[in-house]
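# Residue-level structural notes
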Amino acid sequence: GLPLSKTTSAYEDWRRCIHPGDVSDCEAKLQDAFEHRIEELSMQYRILRADTGELRWVESRCRIFYDKQGPPLRLIGAILDITDGILAEEAIRESEARFRRLAEAMPQIVYTCGPDGLIDYANQQWVEYVGVPVEQCTGRKWIEAIHPDDIESVERWERKSVKTEQPFDTEFRLRGKDGQYRWHLSRAIPIRNAQGRILKWIGTSTDIHDRKQAEAEREELLT
């Protein structure tokens, strides 16, 4: 935001443009690079445009040249505006935080999977039902809590959904922390980006054991 006539491209010009909260960190990184004769340096920081006062995020990438005695002679580099990317990352983090707060308030088990169908998150309802930390259920470890007679069916549904990119929808028996199995209805839908590529799967598992028992008793009565 400075006209060429009002800048000498000197160090102080650069320093004045950096957000006050980032100056000390940038200078510390430069000093560390000089002391250890680091030749390539990359930094992310905020700047304030001189003309509008607008805050922008940038990434500075430079090559440092030294003389034989050690002191730096000059830097050659580029400064890239990464504001849009930073704001997008912040929006994603805020969105995920809102989702997790909502998921923790849900009475059902809520989980998310990567594009490959591997679980990467489950809410507190899962922990309370199964009785083990979420970390022990990520990836494919959650399969261990499914009734042995239902594993093949669940894995078949999982492969089909990942391959066809269609919603996951099946019933199976899930083992609780008391060792007893209860029927659950599990459904998951894909979340896509603007190009249609799947970014994540979001799903729920609802306890339908009482309904399944009632149906079985009704069938037995009718028979």
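You'll find the structure just up there.
Notes on the structure in this doc start here. (Residues numbered from 1 in each chain as written. Predicted model: local features only at pLDDT ≥ 70, side-chain atom pairs only at ≥ 80, totals over all residues. Heavy atoms only, no water.)

## Here's the deal with the overall build of the protein chain
Per the secondary structure count, the protein chain includes six helices and eight strands. The secondary structure elements of the protein chain, listed N-terminal to C-terminal, are α-α-β-β-β-α-β-β-α-α-β-β-β-α. Whereas a compact globule of 223 residues would reach a radius of gyration of roughly 17 Å, the protein chain reaches 28 Å, over 25% beyond that. When burial is assessed residue by residue, the protein chain has 30% of its 223 residues classed as buried. Long-range contacts, defined as pairs at least 24 residues apart, comprise 40% of the intrachain contacts of the protein chain with a sequence gap of at least 6. By element, 52% of the accessible surface of the protein chain is carried by carbon and sulfur atoms, the whole surface being about 14600 Å². Once the 33 positive and 40 negative side-chain charges of the protein chain are each reduced to a mean point, those two points are 3 Å apart. (Helix = DSSP H or I, 4+ residues; strand = E, 2+ residues; numbered from the N terminus. Rg over C-alpha atoms; globule rule 2.2 N^0.38 Å. Buried < 20%, exposed > 50% of the residue type's maximum accessible area, 1.4 Å probe, protein only. Contact = heavy atoms within 4.5 Å. Areas by Shrake-Rupley, 256 points an atom, 1.4 Å probe, with all protein chains shown as cover. Lys, Arg positive; Asp, Glu negative; His and termini not counted. Charge placed at Lys NZ, Arg CZ, Asp CG, Glu CD.)

## A look at the pairing of strand S7 (residues 181-192)
Pairing between strand S6 (residues 168-175) and S7: eight bridges, direction antiparallel. Looking across to S7, one finds that Glu 171 is bridged to Leu 185. Turn length for the S6-S7 hairpin, with the two strands adjacent in sequence and antiparallel, is five residues, and the turn residue Gly 179 shows positive phi of about 90 degrees. Hairpin connection, S7 to strand S8 (residues 198-207): the antiparallel pair is bridged by five residues, and Gly 196 has positive phi, about 90 degrees. (Pairing = 2+ DSSP bridges.)

## Structural notes on the pairing of strand S2 (residues 55-66)
Inspection of the sheet shows strand S1 (residues 40-48) paired to S2 by nine bridges, in the antiparallel sense. From the neighbouring strand, Ile 47 faces S2, where its bridge partner is Arg 56. Turn length for the S1-S2 hairpin, with the two strands adjacent in sequence and antiparallel, is six residues, and the turn residue Gly 53 shows positive phi of about 75 degrees. Sheet topology places S2 next to strand S3 (residues 72-81); nine bridges connect them, and they run antiparallel. Within S3, the position partnered with Val 58 by the bridge is Asp 81.

## Structural notes on the sheet that holds S3
Spatially, the three strands line up as an open sheet ordered S1-S2-S3, and their pairing is antiparallel. Both outer strands of the open sheet, S1 and S3, are each paired with one neighbouring strand and no more. Strand-to-strand twist in this sheet, taken as the mean axis angle between neighbours without regard to direction, amounts to 30 degrees. Helix-sheet contacts for helix H2 (residues 20-35) involve S1, S2 and S3, and the interaxial angle to S1 is about 165 degrees. Across the sheet, helix H3 (residues 83-105) is in contact with S1, S2 and S3; its angle to S2 comes to roughly 125 degrees. (Axes fitted to C-alpha atoms, helices over the stretch in contact; angles between N-to-C directions.)

## Some points on the packing of aromatic side chains
Counted by the stated rule, this structure contains five aromatic pairs. Between Trp 157 and Phe 168 the ring centres are 6.3 Å apart and the planes differ by 80 degrees, which places this aromatic pair in the edge-to-face class. Note that Trp 157 is positioned in helix H5 (residues 151-164) and Phe 168 in strand S6, a separation of eleven residues in sequence. Classification of Phe 168 by relative accessible area gives buried; the value is 8%. (Phe/Tyr/Trp six-rings, centres within 6.5 Å; stacked < 30°, edge-to-face > 60°.)

## What about the environment of Ile 198?
Along the chain, Ile 198 falls in strand S8. For Ile 198, a relative accessible area of 6% translates into the label buried. Between the C-alpha atom of Ile 198 and that of Glu 165, which follows or precedes it by 33 residues, the distance is 7.9 Å. Every residue in contact with Ile 198, bar those within four places of it in the chain, is listed here: Pro 115, Glu 165, Pro 190, Ile 191 and Arg 192.

## Regarding the nonpolar core
Tyr 111, Trp 126, Trp 142, Ile 146, Val 154, Phe 172 and Leu 174 are the most contacted members of the largest nonpolar core, which has 22 residues in total. The greatest single-element share of this core, amounting to four residues, is contributed by helix H4 (residues 124-130). Discounting chain neighbours no more than four positions away, the residues touching Trp 142 are Ile 119, Trp 126, Cys 137, Val 154 and Phe 172. Core analysis: the second largest hydrophobic core is formed by twelve residues, Cys 26, Ala 33, Cys 62 and Tyr 66 among them. (Core = buried A, V, L, I, M, F, W, Y, C linked by side-chain atoms within 4.5 Å.)

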